[in-house]
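Topology and contacts: notes
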Amino acid sequence: MIESGGEPGLQDKRLEILKTGNLVLVDALNRIKWQSFNFPTDVMLWGQRLNVATRLTSFPTNSTAFYSFEIQHSKIALYLSSGKWNYSYWEFQPTKSRNITFIELGSKGLEIFNDKYKKIAQISSFGTQFQPLRFLALGNKTGNMGLYFYSPEKRSFEAAFQALNTTCDLPLACRPYGICTLSTACSCIRLLTAKKGAGSDCNGGFSEGFCDKGQPEMLELSGVSSVLRTAPKRVNVSKETCENLCLQDCKCAAALYSAGKDGTSSRECFTYGLVSGVKQVERGTGLTFMVKVPNGTQVSHGKSNVKKWVLVMVGVIDGLIILLVLGGLGYCLVQRRRRRRNMLASDNNNT
């Protein structure tokens, strides 16, 4: 406790840390004049409340982007922000379109309340039947949101809930202009475009934008999607129209076209100002991801040849990883059989 002197009853103030972890400044009448719970960073403690329009933020190293956990009237969501671009990559909405007023971290989950202080939803933890939750954290490396409890057995804090459980669902699982493949390995779009003399970054040197830099073109990647949501959307448009919408906007860096599984049911076009959160998906989803590149990036290859090469290279990377895993398992089995044979031969010699 830190105290400051002054006129009794008016100027006497002191700092206290409550059992909840809240740092408060109180006057001589124990009235709270300031509290750290009103200024959250990237952590929310047990018993803490966050009102609508409040957010947690965290900043990954070596990146101009940042993550945020935001409370809105209709949902709570995780966002990736870079410059003026702001895209969600995880959302939770109460049923029946009920409005949110505040959230509070309880012992068994993140509780969501309306303006009448009635709980309307809860994000529950798992595996914490005997240990209460201690805090919610927004990771500065992954951007994942988790609920954590203390494990006496492991003597560390463990996640009881995580918003995203797959690596490729993270917005920065790979570098910008990288693809997170089905095997969770990162494949570089720069390498797939066969652009000679490019640097070490996946963007191949064209991440600065396309305004006043000549006429670009679009590189098609079938079977590829993006985890970023809340992008500007057009409906009932063709793939060619979607491609032109991005080409005509110099601030557009990529577009995602969804034709639906049958090719006609849902024709939607999403445009993006950055190329992040790109991942490979199963075939037959009707998704086509198009990346804007400088005109001539495809060198002597035709557009269809480059497209096929992109898909082959992504498949080859996955195939190599699978072969390495299978090869390792086969090597272990061979070594185990040899050891058994040697043990049997040794036993026979001893008898």
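Structure: see above.
Attention here is on the structure that accompanies the text. (Residues numbered from 1 in each chain as written. Predicted model: local features only at pLDDT ≥ 70, side-chain atom pairs only at ≥ 80, totals over all residues. Heavy atoms only, no water.)

Attention now moves to the overall build of the protein. Across its full length, the protein carries three helices and 25 strands. Within the protein, the proportion of its 351 residues that are buried is 40%. Taking the intrachain contacts of the protein between residues at least 6 apart in sequence as the baseline, contacts between residues at least 24 apart amount to 53%. Accessible area of the protein: about 20100 Å², with a carbon and sulfur share of 52%. (Helix = DSSP H or I, 4+ residues; strand = E, 2+ residues; numbered from the N terminus. Buried < 20%, exposed > 50% of the residue type's maximum accessible area, 1.4 Å probe, protein only. Contact = heavy atoms within 4.5 Å. Areas by Shrake-Rupley, 256 points an atom, 1.4 Å probe, with all protein chains shown as cover.)

With that out of the way, let us pick up the sheet that holds strand β14 (residues 133-138). Pairing within the open sheet is antiparallel, and its four strands lie in the order β5-β14-β15-β16. The sheet is open, and its two borders are formed by β5 (43-45) and β16 (156-162), each paired with just one other strand. Taking each pair of neighbouring strands and ignoring which way they run, the sheet shows an average axis angle of 30 degrees. Bridging between β5 and β14 involves three bridges; their strand directions are antiparallel. Each bridged residue has a counterpart across the sheet, and for M44 the counterpart in β14 is L136. (Pairing = 2+ DSSP bridges. Axes fitted to C-alpha atoms, helices over the stretch in contact; angles between N-to-C directions.)

This part takes up the nonpolar core. Membership of the largest hydrophobic core comes to 56 residues, with the highest contact counts inside it found for F69, I76, I103 and F289. The greatest single-element share of this core, amounting to four residues, is contributed by strand β25 (residues 287-294). Once residues lying within four places of it in the same chain are set aside, the contact partners of I103 are M44, Q48, R49, L50, F69, I71, I76, L110, E111 and I112. Formed by eleven residues, the second largest nonpolar core is a distinct cluster that contains V237, C242, Y257 and C269. (Core = buried A, V, L, I, M, F, W, Y, C linked by side-chain atoms within 4.5 Å.)

Taken together, K96, R98, K116 and K118 make up a surface patch of like positive charges. You can see K118 is positioned in the loop between β12 (109-113) and β13 (119-124). (Patch = residues over 30% accessible without salt bridge, like charges linked within 9 Å, V, L, I, M, F, W, Y side chains within 5 Å. Salt bridge = Lys/Arg side-chain N within 4 Å of Asp/Glu carboxyl O. Lys, Arg positive; Asp, Glu negative; His and termini not counted. Charge placed at Lys NZ, Arg CZ, Asp CG, Glu CD.)

Before going further, it helps to examine empty space enclosed by the protein. Applying the stated criterion to the full structure yields two cavities of 30 Å³ or more. Approximately 50 Å³ is the volume attributed to the largest cavity. Lining the largest cavity, in full, are C168, L170, A173, C174, R175, G178, C180, S276, G277 and V278. Of the residues contributing to the lining of the largest cavity, the split by class is six nonpolar, three polar and one charged. (1 Å grid on protein atoms, 1.4 Å probe; cavity = no way out; pocket = protein on both sides within 12 Å on 5 of 7 lines; lining within 4 Å. Points joined across faces, edges and corners; volume = space filled by probe spheres on them. Nonpolar A, V, L, I, M, F, W, Y, C, P; charged D, E, K, R; others polar.)

Within the secondary structure, S68 sits in strand β8 (residues 66-71). Polar side-chain contacts of S68 include one of 2.9 Å to the side chain of E70. For S68, the residues in contact, after removing those within four places along its chain, are R55, L56, T57, A77, L78, Y79 and L138. (Polar contact = N/O pair within 3.5 Å; in protein donor to acceptor, adjacent residues only side chain to side chain.)

A separate point is the pairing of β25. Buried residues dominate β25, accounting for seven of its eight residues. With five bridges connecting them, strand β22 (residues 254-258) and β25 associate as antiparallel partners. Paired with A255 across the bridge in β25 is M290.

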